[in-house]
Amino acid sequence: MDVPLAKFLVWPPFYTLQPNLDTQNQQLSLWSQVILDYAKNNKIYVATIESFDRVTRNSELNRFLSEEFKDMLFKHMKKQKFIIAEGLSMLIFWQKPETWAEMIYRWASNSGRIGTVETVEGLVSGDETTSEEFYGMPVNYAIEVLKTLQKSKKAEMFAVGDSYAVKFF
Amino acid sequence: MKALMEQKRMKELYKKKGSEMEGEFKKNLKSQLQQFHQSLESFITNNRAEINKNPNLRQEFYDLCREIGLDPLISSKGACSDARESDENTQYYNDIAVQATTVCLGLKNRTGGLLSIEDCWKWVNKLRGQRHSVPLSDLYRAIDNLKVLGNGMTIIEGESKMILSVPMELNLDQRGIIEAAKGTGFVSYDMFHQWNKTRFDKAVESLISEGMVWVDALPNGKIQYWFPAQSLMSS
């Protein structure tokens, strides 16, 4: 039982940062969902704050999120681990790194890659994975994902020249 | 080459047959589920007393209902008014009251505990399903019956009837603001020119702190105050 997100997006006060902290927390988590949905639908892995201008402003309503609001929103998303900041850009995890990691590991085990070495680049843009959901993922994004596999001892990453390779266990 | 084409043709044939079988299977399953749904419904109606008496049975039964998406609280209003029937009626109103409470509490973090009776009605009927929908007047009576239990759920009378599901009293100014938001869903100070600014701000701020009102800062500097209950909740 809840109000669909689409209704909030055409509701004017949704664009003003709320003074009541409980309401504000609700608002931030609703907005996080808006951002993640947008990133997912448009396959945005790496973004800047401006990447989301199309959702954070509504010209029909003549409303937009203030700089202060956007700042809080992305801080909130970082805290919730939806975002990892990387220099001036951010990696947007519309699926948790662990979920991506599972997908990659499943592919590796289904295709007999356990024990072999793959380059990270080949993994996300090679001919072998074109039909996988993780195909097209940027290398630096994939590295964050593979870190979680490394943590659970299912893979190990190492540098080869100036690129990265991974071995699955 | 020919063998390859034949192989391809067979593959397509299999695929077609496969999706046909899948469709048939889904259809069967659906009608079985429907039948089960119906038998369960008549089971509720016939064995209500037993279900209510036996807590183990009740728990198992509720779990089962939840799994197949049936509201266990379906009862109908009796047509006659002898003693037995009036018991049934009590059950009927109690069930609606429980459903209304479920709706109000379920939406509470979005509305601050305020909900128009019409919206509550729509949600209750959604919960009950079309076949068991109830008239608005019965919902009104069911909630009104809850009055005896204290001030957990009250109806704010006025041009637009609102249900208040938090234990608080609304003062006249707060009620005036809620009333004024009817239709548009928001108020602004210029709608209250007969009030001084402090009086307006005090009332509005108290509603904001209850989570009943959201602030909308317009680009031109004006401020409007929106009630989710009056602008966001209609399902």
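Please read all numbers here as calculations on a predicted model, not as lab measurements.

**Overview of the overall build of chain A**
Argument step 1. Secondary structure assignment for chain A yields seven helices and eight strands.
Argument step 2. The principal-axis extent of the C-alpha atoms belonging to chain A is close to 55 × 35 × 25 Å.
Argument step 3. The distance from the centre of the 19 positive side-chain charges to the centre of the 21 negative ones in chain A is 5 Å.

**Some points on the interface of chain A and chain B**
Argument step 1. Each partner contributes to the interface: chain A provides 19 residues, whereas chain B provides 28 residues.
Argument step 2. Of the roughly 2000 Å² buried between chain A and chain B on both sides combined, carbon and sulfur atoms contribute 64%.
Argument step 3. Contact with chain B buries surface across chain A, with A:Met1, A:Trp11 and A:Gln26 losing the most and accounting together for 34% of the total.
Argument step 4. Scanning the region where chain A abuts chain B turns up two salt bridges.
Argument step 5. Salt-bridge contacts for B:Arg110 lead to A:Asp2; the nearest nitrogen and oxygen are separated by 2.9 Å.
Argument step 6. For the interface between chain A and chain B, the tally reads nine residue pairs in polar contact (both at pLDDT 80 or more).
Argument step 7. Secondary structure elements with two or more residues in the side of chain A that touches chain B: α1 (5-9) and α2 (21-41) of chain A.

**Overview of the sheet that holds strand β1 (residues 114-116) of chain B**
Residues and elements named next belong to chain B.
Argument step 1. Taken in spatial order, the three strands of this open sheet run β1-β3-β2, and their pairing is antiparallel. Each edge of the open sheet is held by one strand with a lone partner, namely β1 and β2 (154-156). Adjacent strand axes in the sheet meet at a mean angle of 30° when their direction is disregarded.
Argument step 2. Note: β2 against strand β3 (residues 162-164), three bridges, orientation antiparallel. Along β3, the bridge assignment pairs Ile155 with Ile163.
Argument step 3. Each of β1, β2 and β3 is contacted by helix α4 (residues 117-128), which is oriented at about 80° to β1, the strand it contacts most.

**Some details on the environment of B:Met212**
Residues and elements named next belong to chain B.
Argument step 1. By secondary structure assignment, the location of Met212 is in the loop between α7 (197-209) and β5 (214-217).
Argument step 2. Residue Met212 is classed as buried on the basis of its relative accessible area of 0%.
Argument step 3. Distance in space between the C-alpha atoms of Met212 and Cys120 is 16 Å, their sequence separation being 92 residues.
Argument step 4. Filtering out sequence-adjacent residues up to four positions away, Met212 remains in contact with Thr111, Gly112, Leu114, Leu164, Val166, Met168, Leu207, Trp226, Phe227 and Pro228.

**Thoughts on the environment of B:Gln224**
Argument step 1. Topologically, B:Gln224 is positioned in strand β6 (residues 223-226).
Argument step 2. Counting along the chain gives 38 residues from B:Gln224 to B:Phe186, while the straight-line C-alpha distance between them is 6.4 Å.
Argument step 3. For B:Gln224, the residues in contact, after removing those within four places along its chain, are A:Arg63, B:Phe186, B:Val187, B:Ser188, B:Trp214, B:Val215, B:Asp216 and B:Leu218.

**Remarks on the domain arrangement of chain A**
Interface size is commonly expressed as the accessible area that is lost once the parts come together.
All names here are of chain A.
Argument step 1. Assigned domains within chain A: domain 1 (3-92) and domain 2 (97-168).
Argument step 2. Each partner contributes residues to the interface: domain 1 has seven residues there, and domain 2 has nine residues.
Argument step 3. Around 680 Å² of area is buried between domain 1 and domain 2 when both sides are counted, 61% of it from carbon and sulfur atoms.
Argument step 4. In terms of surface lost to domain 2, no three residues of domain 1 exceed Tyr45, Glu86 and Leu91, which account for 61% of the buried area on that side.

**Comments concerning the sheet that holds β6(B)**
All names here are of chain B.
Argument step 1. With respect to topology, three strands assemble into an open sheet ordered β4-β6-β5, the strand pairing being antiparallel. Edge positions in the sheet fall to β4 (186-187) and β5, since each of these pairs with one other strand and no more.
Argument step 2. Here β4 pairs with β6 via two bridges, running antiparallel. Of the residues in β6, the one forming a bridge with Phe186 is Trp226.

**Quick notes on the layout of surface pockets**
Residues and elements named next belong to chain A.
Argument step 1. Roughly 270 Å³ of internal volume is contained in the largest pocket.
Argument step 2. For the largest pocket, the full set of lining residues is Lys78, Lys81, Ile83, Ile84, Lys96, Pro97, Glu98, Glu144, Lys147, Thr148 and Lys151.
Argument step 3. Listed by contribution, the elements that provide at least two residues to the lining of the largest pocket are β4 (83-86), α5 (97-110) and α7 (139-151).
Argument step 4. Counting residues per element, the lining of the largest pocket draws most heavily on α7, at four residues.
Argument step 5. Residues of the lining of the largest pocket, tallied by class, amount to three nonpolar, one polar and seven charged.
Argument step 6. Shared between two domains, the lining of the largest pocket holds at least three residues of each, these being domain 1 (3-92) and domain 2 (97-168).

**Some thoughts on helix α4 (residues 67-79) of chain A**
Residues and elements named next belong to chain A.
Argument step 1. Relative to the 18 Å expected for 13 residues at 1.5 Å per residue, α4 spans 18 Å between its end C-alpha atoms, a close match to the ideal helical length.
Argument step 2. Considered for burial, the residues of α4 that qualify are Phe69, Lys70, Leu73, Phe74, His76 and Met77. Projection of α4 onto a plane perpendicular to its axis shows the buried side chains occupying an angular sector of 155°, all on one side. Among the exposed residues of α4, those oriented more than 90 degrees off its buried face are Glu67, Glu68, Lys75 and Lys79.
Argument step 3. The elements touched by buried residues of α4 are α2, α3 (53-56), β4 and β5 (89-92).
Argument step 4. Two residues or fewer past α4, Lys81 is found with a positive phi of approximately 65°.

**Comments concerning the pattern of salt bridges**
Argument step 1. The final tally for this structure, using the stated rule, is 13 salt bridges over all chains.
Argument step 2. Among the salt bridges present, the one from A:Lys70 reaches A:Glu67, with a minimum N-O distance of 3.6 Å. Taken together, the residues A:Lys70 and A:Glu67, both in helix α4 and three residues apart, mark about one turn of the helix.
Argument step 3. A salt bridge links B:Asp119 to B:Lys122; the shortest N-O distance between them is 3.8 Å. Taken as a pair, B:Asp119 and B:Lys122 lie in helix α4 at a separation of three residues, close to a single helical turn.
Argument step 4. With a relative accessible area of 8%, B:Asp119 lands in the buried category.
Argument step 5. Connected via shared salt-bridge partners are A:Asp53, A:Glu67 and A:Lys70.

Cut-off values and rules
Residues numbered from 1 in each chain as written. Chains lettered and ligands numbered in written order. Predicted model: local features only at pLDDT ≥ 70, side-chain atom pairs only at ≥ 80, totals over all residues. Heavy atoms only, no water. Helix = DSSP H or I, 4+ residues; strand = E, 2+ residues; numbered from the N terminus. Lys, Arg positive; Asp, Glu negative; His and termini not counted. Charge placed at Lys NZ, Arg CZ, Asp CG, Glu CD. Contact = heavy atoms within 4.5 Å. Buried area = accessible area lost by both parts, 1.4 Å probe. Salt bridge = Lys/Arg side-chain N within 4 Å of Asp/Glu carboxyl O. Polar contact = N/O pair within 3.5 Å; in protein donor to acceptor, adjacent residues only side chain to side chain. Pairing = 2+ DSSP bridges. Axes fitted to C-alpha atoms, helices over the stretch in contact; angles between N-to-C directions. Buried < 20%, exposed > 50% of the residue type's maximum accessible area, 1.4 Å probe, protein only. Domains from an automatic or database assignment. 1 Å grid on protein atoms, 1.4 Å probe; cavity = no way out; pocket = protein on both sides within 12 Å on 5 of 7 lines; lining within 4 Å. Points joined across faces, edges and corners; volume = space filled by probe spheres on them. Nonpolar A, V, L, I, M, F, W, Y, C, P; charged D, E, K, R; others polar. Expected span 1.5 Å × (residues − 1). Arc of directions from axis to C-beta.

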